Structure formats: C-alpha cells, structure tokens
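Structural overview for review
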Amino acid sequence: EAEDRFGCRIRTAGSAELERLAAVKRTEVPRFRVLYATTNYYENDLYVSSPSLLQDNELFRSQKAILTVLGESGVKTAFKLHPAPIHYDNLREWLRARRYPHITIPKQDRPIFRHEGIPHLLQRSETVILDFPSTTLLQALAAGKTVFVLTRHLTLIPEARSLLERCAYVTDDLDLFTRMIRDHL
C-alpha cells in the first residue's frame, strides 16, 4: 500500500531491538525448551484494530489445545501472557487444574515474568510458539529461534503469509498446528 501513497521507493529498516536480538551470542544454555507467548487472551477487549473478528472463545480453545500438547510433552515451557493492565485467571486456573509441573505459569510475583520481557525469555528458550502473529514474531525471528505460528485468528494477505512461511512453521488449522508442535518436540 505504501507505494500508492508516497512518490518514492520505500525501504524497510529494522529496529535497534531487533538488531540486538540478532547479534546476541547464543552461549547460555536455554532454561526453557519452549516459549509459548500468547499475544491476546480470553475476554480481551483491548484490541480493536484487528482486521479479523477474533472470537475469544475460539482463542481460548486454541490456547488450551497448545498448552495440552506442551503439558503432555513434558518439556520445560515458559508460558507468557502479553502484558496488559487487566489479566484474567482463566488460563492460570486451567493450567493449575491439569498440574503440568514443567510449564512455568505467569504470576505477577514471579520475577522472570514481571521484569523480564520477551527479548530476555527468547534468549533463554529454544523454540517459540505463537497463537497470533505480532511483534513477538519479529523478535523471535530476529533471535534466530525455531518459530511456530498459528494464523487461525488473524488473516494475513497472501504476500505476508508467503514471506512468513519461508521462515516459520505456519498454519491456520489448529489440529495440524498441534501435530506439528508434537512432532517437533
């Protein structure tokens, strides 16, 4: 679209944060095998600019399916909710009821989640799972991680999807997505 709005050629430029993530030497042994970052969450009414009609119940269904695969796999997992002023406890309660000891549940009093954002967690993780493409996707790719992206809740234009498929595992089918994760683990 930018080509139609400006009389010059547009060049993209990476942010300083993305450049730092790409330059990090990977000498630290990862603490987590998987970082599952959900960028939206159940009963979220803060995102109003999404071009798709995001149904929170469908997102909750996707989150539970992904967490079930991770919980049953036994791999050490960091689960990070997108920072927001309002947090609902439905995912925490759902995880607690299933007693997956290797999934680190986000709590406000846990320093790893309160003070350490996605860039720091990326350095401490091997694989990244996302249920909604966002800034975290760019950060994970810049950090050189293996990335799985569920596009079920956001429709990408064909050109963007094609580019994404060149650098990440991408599908909008939840069953296929969970199989891909299970096979990878």
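Everything here concerns the structure above.
Figured I'd write up the structure that's included with this text. (Residues numbered from 1 in each chain as written. Predicted model: local features only at pLDDT ≥ 70, side-chain atom pairs only at ≥ 80, totals over all residues. Heavy atoms only, no water.)

Scanning the chain from terminus to terminus reveals nine helices and six strands. Counting all 185 residues of the chain, 42% fall into the buried class. Counting contacts in the chain only where the partners sit at least 6 residues apart, residues at least 24 apart contribute 62% of the total. Taken as a whole, the chain presents about 10900 Å² of accessible surface, with 50% of it coming from carbon and sulfur. (Helix = DSSP H or I, 4+ residues; strand = E, 2+ residues; numbered from the N terminus. Buried < 20%, exposed > 50% of the residue type's maximum accessible area, 1.4 Å probe, protein only. Contact = heavy atoms within 4.5 Å. Areas by Shrake-Rupley, 256 points an atom, 1.4 Å probe, with all protein chains shown as cover.)

By the element assignment, lysine 145 lies in the loop between α7 (135-142) and β5 (146-150). Looking at lysine 145, its side chain comes within polar contact range of the main-chain oxygen of serine 125, at 2.6 Å. When sequence neighbours within four positions are dropped, the list of residues in contact with lysine 145 reads Leu122, Gln123, Ser125, Glu126, Val128 and Ala140. (Polar contact = N/O pair within 3.5 Å; in protein donor to acceptor, adjacent residues only side chain to side chain.)

By the criterion of burial, strand β1 (residues 32-38) is predominantly enclosed, with six of the seven residues buried. Bridge count for β1 against strand β4 (residues 125-130) is five bridges, and the pairing is parallel. What sits directly across from tyrosine 36, in β4, is isoleucine 129. With five bridges connecting them, β1 and strand β2 (residues 77-81) associate as parallel partners. From the neighbouring strand, tyrosine 36 faces β2, where its bridge partner is phenylalanine 79. (Pairing = 2+ DSSP bridges.)

Let us look at the pairing of β5. The buried fraction of β5 amounts to four of the five residues, a majority that puts the element mostly inside the structure. A crossover links β4 with its parallel partner β5, the connecting element being α7, and its sense is right-handed. Both β5 and strand β6 (residues 169-171) contribute to a ladder of three bridges, which runs parallel. When the sheet's bridge partners are listed, leucine 150 is paired in β6 with threonine 171. The parallel pair β5 and β6, bridged by helix α8 (residues 158-165), forms a crossover whose chirality is right-handed. (Right-handed = clockwise from strand over helix to strand, strands pointing away.)

Restricting attention to buried positions, one finds in helix α9 (residues 174-184) the residues Leu174, Phe177, Thr178, Met180 and Ile181. Along the axis of α9, the buried positions cluster into a sector of 155 degrees, meaning they face one direction only. Against the buried residues of α9 lie α3 (56-73), β4, β5 and β6. One side-chain oxygen of the residue at the start of α9 lies 3.0 Å from the amide nitrogen of aspartate 175, identifying that residue as aspartate 173. (Arc of directions from axis to C-beta.)

What follows deals with the packing of aromatic side chains. Counting across every chain of the model gives two aromatic pairs. Ring centres of tyrosine 36 and phenylalanine 79 lie 5.1 Å apart, and the angle between their planes is 45 degrees; on these two criteria the pair is classed as tilted. Placement of tyrosine 36 in strand β1 and of phenylalanine 79 in strand β2 is noted, with a sequence separation of 43 residues between them. Given a relative accessible area of 1%, phenylalanine 79 falls into the buried group. Ring centres of phenylalanine 148 and tyrosine 169 lie 4.7 Å apart, and the angle between their planes is 20 degrees; on these two criteria the pair is classed as stacked. Of the two residues, phenylalanine 148 is situated in strand β5 and tyrosine 169 in strand β6; the sequence distance between them amounts to 21 residues. (Phe/Tyr/Trp six-rings, centres within 6.5 Å; stacked < 30°, edge-to-face > 60°.)

Take it as geometry only, folks, not as evidence of what the structure does.
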